[in-house]
Amino acid sequence: MSGAPSAPSCRPGCGACCIAPSISSPIPGMPQGKPAGVRCVQLDDDNLCRLFGDPRRPAVCERFAFDVELCGAHRDQALIRIRELEMAT
């Protein structure tokens, strides 16, 4: 089989990017955004974004993409690495 390997995709049910970073833009249900470490109200019980594909989804969330260096091999690594990045900025 030829061709470049496909890029890794976001891990379903991870939700680290919806918990670890602060988000300063309004989110439906969180008009002031959210502080770092606080679970977004739009994250469902399966750690999936309720606003995925919805035009109300904040642009910062839309632009966030899975990156193996940042997200690591599993959810716990993603939470730690995103939290560390948040603290450094």
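Residues numbered from 1 in each chain as written. Predicted model: local features only at pLDDT ≥ 70, side-chain atom pairs only at ≥ 80, totals over all residues. Heavy atoms only, no water.

J.: What is the right way to look at unusual backbone geometry in this model?
T.: Leaving glycine out, the prevailing phi sign among residues is negative, and the prevailing peptide bond configuration is trans. One non-glycine residue, Asn-47, lies in positive phi territory at about 60 degrees. Of note, Asn-47 is situated in the segment before α1 (59-63). (Helix = DSSP H or I, 4+ residues; strand = E, 2+ residues; numbered from the N terminus.)

J.: When you look at the pattern of salt bridges in this model, what are you seeing that I'm missing?
T.: Oppositely charged side chains may form a pair once their charged atoms are brought near each other. Throughout the structure, instances matching the rule amount to two salt bridges. A salt bridge links Asp-54 to Arg-56; its shortest N-O distance comes to 2.9 Å. Judged by relative accessible area, Asp-54 falls into the partly exposed class, the value being 21%. Owing to a relative accessible area of 53%, Arg-56 belongs among the exposed residues under this scheme. Among the ionic pairs, Glu-62 bridges to Arg-57, the shortest N-O distance being 3.4 Å. (Salt bridge = Lys/Arg side-chain N within 4 Å of Asp/Glu carboxyl O. Buried < 20%, exposed > 50% of the residue type's maximum accessible area, 1.4 Å probe, protein only.)

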